[in-house]
Amino acid sequence: MATLFDSHCHLDDPAFDPDRDQILAAARAAGVSGFLLPGVGHWTWGRQLHLAGKEADCFCALGLHPLFLDRHRSEDLERLAALLDHPNVVAIGEIGLDYYPPEVDRQAQQALFEAQVRLAKAADLPLVLHVRRAHDQVTATLRRLRFPHGGICHACNASRQQVQRYLDLGFRLGFGGPLTYPRSHRIRALVQALPVEAICLETDAPDLPPLNHRGERNSPVYLPEVLNALAELRGEPPERLAEITTCNARQALKLDL
Ligand SMILES: [Zn+2]
């Protein structure tokens, strides 16, 4: 059976409180051998660390998400810095810039993002990026700060040129449920053109369910559906893509060092 890695999965989310153990067991039975739990803000860190402390195949990225500026507190950056030594923390994320909502404070997002890039650089940790309509600004920032550790740009929807800048910075790109929708023309074309070494699989559960589970709570159990969409688009065997994308995620998160 294929071994898969869910490189972006909010398993700590309260949406999984009723049946988290069953979902984990079902995902493992479906071949998912690793889970990266991305952080959103101080309120997710404790529950992420708790879960990763119990489950050897769960790993944490801790970070301050750009869409929650109102919920972050002044002391959070300092708290984040203090948690980076924790053995289950493998990255800083999900962090980045999100220009999609028109009312966001772009300056505040930029300051928060840069502060966390500096933390990751100092702690030798990769990044898990959340970026919408701001790929040029994010890659320019990473270049200016000479960020050397790479990571994963999650739910990547960018142009070929923007994607090349991520690859040049040592990043991989995460693809999930949207890949299964026939109308996702840009990302479906993107995964056909990308070198396979650049691709990681993710669900972003409980959000972004694949086509066959539209309207449902998404779950890491559905990761094989993302794999199958990728295999069909690339005309390559799913077993090979499972192996390579798992290896890509583990390398991006420096899990095998
Ligand atoms: Zn997420």
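Residue positions are given per chain, counting from 1 as you read along its sequence in written order. In view of the model being predicted, local features appear only for residues whose pLDDT reaches at least 70, and side-chain atom pairs are presented and counted only at 80 or more, with totals across whole chains, interfaces and linings using the full set of residues. To obtain the side-chain values, all non-hydrogen atoms of the structure were used and water was disregarded.

## Some details on helix α1 (residues 20–29)
Spelled out, the test is: A 1.4 Å probe rolled over the protein chains alone gives each residue an accessible area, and that area as a share of the maximum for its type sets the label: buried under 20%, exposed over 50%, partly exposed in between. Secondary structure follows DSSP: runs of H or I at least 4 residues long count as helices, runs of E at least 2 residues long count as strands, and numbering of each begins at the N terminus. Read the arc as the range of directions from the helix axis to the C-beta atoms. Any two residues having at least one pair of non-hydrogen atoms within 4.5 Å are treated as being in contact.
Turning to α1, its buried residues number three or more, namely R20, I23, L24 and A27. Axial view of α1: buried residues confined to an arc of 100°, hence all on one face. Every exposed residue of α1 that faces more than 90 degrees away from the buried side is listed here: Q22 and A29. Buried residues along α1 sit against β2 (32–38), α2 (42–54) and β3 (58–62). At the exit of α1 stands G31, carrying a positive phi of roughly 105°.

## Topic: the coordination of the zinc ion
Heads up, the condition is: The donor definition counts N, O and S atoms within 2.8 Å of each metal and applies 3.2 Å to Na, K and Ca; water is not among these atoms, so some sites may look incomplete.
At 2.2 to 2.6 Å from the zinc ion lie its protein donor atoms, namely H8 (NE2), H10 (NE2), E94 (OE) and D204 (OD). All donors of the zinc ion come from a single chain, and their spacing in sequence reads H-x1-H-x83-E-x109-D.

## Re helix α6 (residues 160–168)
Since one α-helical turn is 3.6 residues long, residues separated by three or four positions face the same way. For α6, the full list of buried residues reads Q162, V163 and Y166. Burial along α6 is one-sided: seen end-on, the buried residues are contained in an arc of 100°. Projecting away from the buried face of α6 at angles above 90 degrees are the exposed residues R160, Q161 and D168. Residue G170 follows α6 closely and has a positive phi angle near 85°.

## Quick notes on the side chain of H149
For the record, the criterion: Polar contact is defined as a pair of N or O atoms within 3.5 Å, subject to the rule that within protein one atom must be able to donate a hydrogen and the other to accept it, and that residues adjacent in sequence are counted only when both atoms are side-chain atoms.
Relative to the assigned elements, H149 resides in the loop between α5 (135–144) and β6 (151–153). For H149, a relative accessible area of 16% corresponds to the buried category. Of the polar contacts made by the side chain of H149, one reaches the backbone oxygen of K121; its length is 3.5 Å. Setting aside its immediate chain neighbours within four residues, H149 contacts A120, K121, D124, L125, P126 and K254.

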